[in-house]
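A closer look at the structure
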2 protein chains.
Amino acid sequence: MKVICLQENLKFILNITQNIIGRNLTLPILNNVLLQTENGRLKISSTNLEVGINTWVSGKVEKNGVITCPAKVLANFVNNLPNKKVELEVKNNTLTIKCENYKANLNGLPADDFPIIPKIEEDPLVELKSGVLRDALLKVVGAASLSESRPEITGILFKFDKRELKLAATDSFRLAEKIIFETNKKSEDVKSLIIPQKTVQEIIRALGEKETDVRICLSASQILFDGGDIQVISRLIDGQYPDYQQIIPKNFSTQATIDRSELLSIIKVAAVFSNKTNSINFSLNNNELEVLSQDPELGENKSKIAAKIQGKKIEANFNYRYLLDGLANIGTKQVFLGLNSDSSPAIIKPIGDESYVYLIMPIKAN
Amino acid sequence: MKVICLQENLKFILNITQNIIGRNLTLPILNNVLLQTENGRLKISSTNLEVGINTWVSGKVEKNGVITCPAKVLANFVNNLPNKKVELEVKNNTLTIKCENYKANLNGLPADDFPIIPKIEEDPLVELKSGVLRDALLKVVGAASLSESRPEITGILFKFDKRELKLAATDSFRLAEKIIFETNKKSEDVKSLIIPQKTVQEIIRALGEKETDVRICLSASQILFDGGDIQVISRLIDGQYPDYQQIIPKNFSTQATIDRSELLSIIKVAAVFSNKTNSINFSLNNNELEVLSQDPELGENKSKIAAKIQGKKIEANFNYRYLLDGLANIGTKQVFLGLNSDSSPAIIKPIGDESYVYLIMPIKAN
């Protein structure tokens with residue numbers, strides 16, 4: 001193999017591919033990237049057996065070939081080179097990297113031992129802009145469960161529904177749903193898939209840095225996010241995602257419109273006295289939101305802000321962290337808060353944007 | 001006590017005072033700050049028994065008084081308040097904080113149990129600008145030893161010498177010296193003090209944020225850095241600082257002028273293959289600096305950059321981390337490198353700035 005490409009391009013691609021690589025002691029080849037020439041370009045791949053990434057760098061291929069070598073070492077070396085032409089040459093399982101007066105010989109491993117990243121050749125289910133996908137995923141990814149006791153909610157639901165793509169995640173204490181209305185979905189078929197949280201984090205990172213079109217393709221047990229020069233391929237999570245839509249309330253006995261930044265402040269202030277339960281008390285009445293919190297050792301907080309309130313007086317306790325998580329995904333100046341009782345789900349939504357909803361379960365008072 | 005002050009001012013001061021507070025389980029009052037009125041202002045103090053900080057906030061004192069309360073909780077609460085007037089009121093060992101519609105009651109402890117921060121009333125040894133002091137301390141503080149086996153080099157040397165203030169730190173592998181030429185030192189007396197590294201880090205943080213005049217005053221076993229509204233008081237380290245000046249070479253068999261950013265790049269690139277010893281090999285000859293590094297498992301690097309070299313051909317091994325630390329303290333475009341042998345100290349200096357010198361011991365080849 002002999003390939004010449006620009007340091008900047010190589011650096012960009014290596015930092016994307018090495019991201020999913022941990023420190024694998026039982027299968028050391030997983031610490032490596034696979035470099036190979038393909039149709040006049042350099043292809044670089046990585047995998048952790050759950051997610052795989054393929055990337056392509058343009059450059060000049062002078063001789064075809066293939067090698068695998070330690071991802072972190074290669075990326076560290078290339079990161080610190082000047083932004084000039086880099087020459088990569090393979091001889092006897094050694095990768096020689098030259099750039100101006102910098103030169104390294106990197107010990108490689110035979111490419112035959114590198115795990116195969118599945119190929120998906122099916123037609124795309126849907127195609128959308130990387131920026132739109134990234135922003136939507138960011139709004140739900142944090143709500144997925146971290147506990148393996150219910151594997152189906154450790155992933156993000158992708159529901160291809162008529163012309164829309166619905167994304168949802170929950171850990172049973174809170175739930176986030178984001179709808180991408182504008183896709184160029186080809187069929188009206190409904191299809192539901194569960195994608196691991198780590199894969200979604202990888203898509204956010206790998207496909208979010210460059211504005212491009214992303215095609216989503218599906219095989220029996222794998223999904224492909226194809227951004228042209230960057231592909232993310234992942235296994236799917238088996239199982240039935242809970243029918244969450246039935247628990248999202250549509251009507252509320254109390255609903256409030258609140259300034260988002262004031263709401264953030266009052267929650268953060270109350271959090272200081274929320275003790276180990278993270279619990280803070282919301283009380284809505286007379287166009288005022290009062291927030292109480294108490295810690296037997298430290299002291300107590302009682303703060304209030306103005307709110308436009310319709311409906312009856314209500315009180316409920318919330319985990320302040322879940323409230324902050326939800327508000328972090330809302331960019332509008334005003335926020336909608338809807339409640340029905342101190343033990344049924346409450347809703348936070350941006351005002352004037354029907355694509356996002358965040359549901360939060362109150363903490364039951366003892 | 002009843003005091004009214006601006007949130008912004010109180011926040012600034014609380015974040016400085018709480019910085020030295022850890023999580024002390026044996027003496028819980030050390031987790032607290034002391035709030036007291038003093039000459040019409042609010043004084044806030046903290047101590048970890050090694051370093052103490054006094055700060056003053058202007059505001060309106062409506063009633064004199066004193067209390068201590070948990071530093072982190074108070075700072076967290078105040079940080080999240082709007083930038084409006086804050087009212088602090090003490091009743092029965094409870095501190096009530098009010099700001100617009102925000103209100104908290106914070107449980108305090110009696111002020112009598114708070115450790116006394118020593119007072120230093122001596123005339124200042126020297127007075128200088130906080131920015132000048134901060135920049136100088138930043139250039140030496142990282143070189144102090146972290147090992148307690150030789151306590152005297154765990155601190156930073158302050159040598160008040162004629163009209164100058166010399167600062168030095170070493171861990172016996174490398175040494176940094178910075179001279180502040182322009183002080184308004186009153187006497188020509190020579191006085192050497194050793195100040196704990198943590199105190200110096202505190203001075204950098206506490207006194208660096210606001211341009212002010214800093215007076216340095218001395219008692220028998222304590223030193224005071226007095227920046228007006230902010231004071232840092234610290235114990236001194238006993239012992240005799242090594243006579244380091246005799247080991248800084250003045251003449252060199254080889255000396256080179258090198259572009260700083262190129263030197264940084266070549267060291268970082270070589271570091272990738274430096275293995276566990278962090279050792280990289282410098283070779284100076286024919287107006288070229290060649291850097292070699294080798295890792296039996298990963299591979300090897302051989303890179304070179306142009307350098308203006310006078311004197312004989314020379315080779316030496318260095319710990320790349322120490323080289324990077326030294327270069328990080330040099331801001332000039334060109335750097336001087338002076339060597340005498342592969343086992344005697346080398347020197348890095350900014351070109352055109354005689355106030356700073358960084359000495360580094362080569363690693364002996366096996």
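Source: prediction; values computed, not measured.

Residue and element names in this part refer to chain A. One pass over the full model with this rule turns up 33 salt bridges over all chains. A salt bridge links Glu62 to Lys60; the nearest nitrogen and oxygen atoms lie 3.4 Å apart. In this structure Glu62 comes out as partly exposed when scored by relative accessible area, which is 40%. The closest approach of N and O atoms between Asp226 and Arg215, which form a salt bridge, is 3.3 Å. Placement of the pair is Asp226 in strand 16 (residues 222-226) and Arg215 in strand 15 (residues 213-218), with a sequence separation of eleven residues. Exposure remark for Arg215: the relative accessible area of 27% places this residue in the partly exposed category.

What follows concerns the interface of chain B and chain A. On the chain A side, the residues contacting the 30 residues of chain B number 30 residues. Between chain B and chain A lies a buried interface of about 2500 Å² when both sides are counted; carbon and sulfur atoms form 58% of it. Looking only at chain B, the three residues that lose the most surface to chain A are B:Asn80, B:Tyr102 and B:Leu298, adding up to 21% of its buried area. Summed over the shared surface of chain B and chain A, the number is zero salt bridges. At the boundary of chain B with chain A, the tally comes to twelve residue pairs in polar contact (both at pLDDT 80 or more). Breaking the side of chain B that touches chain A down by element, the ones donating at least two residues are helix 2 (71-79), strand 9 (102-107), helix 5 (260-271) and strand 21 (299-306) of chain B. It is strand 21 of chain B that contributes the most residues to the side of chain B that touches chain A, seven residues altogether. Looking at the side of chain B that touches chain A residue by residue, the classes come out as 14 nonpolar, nine polar and seven charged. Examined bridge by bridge, strand 9 (residues 102-107) of chain A and strand 21 of chain B share three bridges and lie antiparallel to one another. Directly across from A:Asn105, in strand 21 of chain B, lies its bridge partner B:Glu300.

A few words now on the packing of aromatic side chains. As enumerated under the stated definition, the model contains twelve aromatic pairs over all chains in all. Ring plane angle 80° and centroid distance 5.4 Å describe the contact between A:Phe282 and A:Phe318, whose orientation is recorded as edge-to-face. One end of the pair, A:Phe282, is in strand 19 (residues 279-285); the other, A:Phe318, is in strand 23 (residues 314-319), and 36 residues separate them in sequence. Assigned by exposure class, A:Phe282 and A:Phe318 land together as buried. Where B:Tyr241 meets B:Tyr244, the ring centres are 6.4 Å apart and the plane angle is 85°; that geometry is what we call edge-to-face. Each of the two residues, B:Tyr241 as well as B:Tyr244, counts as buried. Above the ring of A:Phe336, the side-chain terminus of A:Lys349 is found at 5.1 Å from the ring centroid.

Moving on to the confidence of the model for chain A. When pLDDT drops low, the exact placement of atoms in the prediction is not to be read closely. In this model, chain A carries an average pLDDT of 94, and 100% of its residues clear a pLDDT of 70 or more. Under the prediction, the complex receives an ipTM of 0.86, its pTM being 0.90.

Residues and elements named next belong to chain B. Across all of its chains, the model carries zero disulfides over all chains by this definition. Cys99 supplies the cysteine sulfur nearest to Cys5, a cysteine that is in no disulfide, at a spacing of 9.7 Å. Unpaired in terms of disulfides, Cys69 finds its nearest cysteine sulfur in Cys5, a separation of 13 Å.

For the match of chain B to chain A, the screw axis carries a shift of 0.0 Å, the RMSD comes to 0.0 Å, and the turn is 180°. On the angle and the small slide along the axis, the relation comes out as a two-fold axis.

As a further point, take the side chain of B:Asn105. Along the chain, B:Asn105 turns up in strand 9. At a separation of 2.9 Å, a polar atom in the side chain of B:Asn105 contacts the side chain of B:Thr96. The residues contacting B:Asn105, other than those within four sequence positions of it, are A:Phe273, A:Leu298, A:Gly299, A:Glu300, B:Thr94, B:Leu95 and B:Thr96.

Residues A:Phe158, A:Phe225, A:Phe282, B:Phe158, B:Phe225 and B:Phe282 are the most contacted members of the largest nonpolar core, which totals 205 residues. When sequence neighbours within four positions are dropped, the list of residues in contact with A:Phe282 reads A:Leu263, A:Ile267, A:Leu289, A:Glu290, A:Val291, A:Ile314, A:Glu315, A:Ala316, A:Phe318, A:Leu323 and A:Leu337.

With that settled, the discussion passes to the sheet that holds strand 11 (residues 155-161) of chain B. All names here are of chain B. The sheet built from nine strands is open, its strands ordered 14-11-12-13-26-25-24-18-22 with antiparallel pairing. One side of each edge strand has no neighbouring strand; the edge strands of this open sheet are strand 14 (191-196) and strand 22 (308-311). Ignoring which end each strand starts from, the neighbouring axes of this sheet average 15° apart. In this sheet, strand 12 (residues 164-170) lies alongside strand 11 in antiparallel orientation, the contact comprising five bridges. Looking at the pairing, Leu157 lines up with Ala168 of strand 12. Each of strand 11 and strand 14 touches helix 4 (residues 197-208); the most contacted strand, strand 14, lies at about 85° to it.

Criteria and cut-off values
- Residues numbered from 1 in each chain as written.
- Chains lettered and ligands numbered in written order.
- Predicted model: local features only at pLDDT ≥ 70, side-chain atom pairs only at ≥ 80, totals over all residues.
- Heavy atoms only, no water.
- Salt bridge = Lys/Arg side-chain N within 4 Å of Asp/Glu carboxyl O.
- Buried < 20%, exposed > 50% of the residue type's maximum accessible area, 1.4 Å probe, protein only.
- Helix = DSSP H or I, 4+ residues; strand = E, 2+ residues; numbered from the N terminus.
- Contact = heavy atoms within 4.5 Å.
- Buried area = accessible area lost by both parts, 1.4 Å probe.
- Polar contact = N/O pair within 3.5 Å; in protein donor to acceptor, adjacent residues only side chain to side chain.
- Nonpolar A, V, L, I, M, F, W, Y, C, P; charged D, E, K, R; others polar.
- Pairing = 2+ DSSP bridges.
- Phe/Tyr/Trp six-rings, centres within 6.5 Å; stacked < 30°, edge-to-face > 60°.
- Lys NZ or Arg CZ within 6 Å of the ring centre and 35° of its normal.
- pLDDT = per-residue confidence, 0-100.
- Disulfide = S-S within 2.5 Å.
- Least-squares fit on C-alpha atoms with pLDDT ≥ 70 in both.
- Core = buried A, V, L, I, M, F, W, Y, C linked by side-chain atoms within 4.5 Å.
- Axes fitted to C-alpha atoms, helices over the stretch in contact; angles between N-to-C directions.

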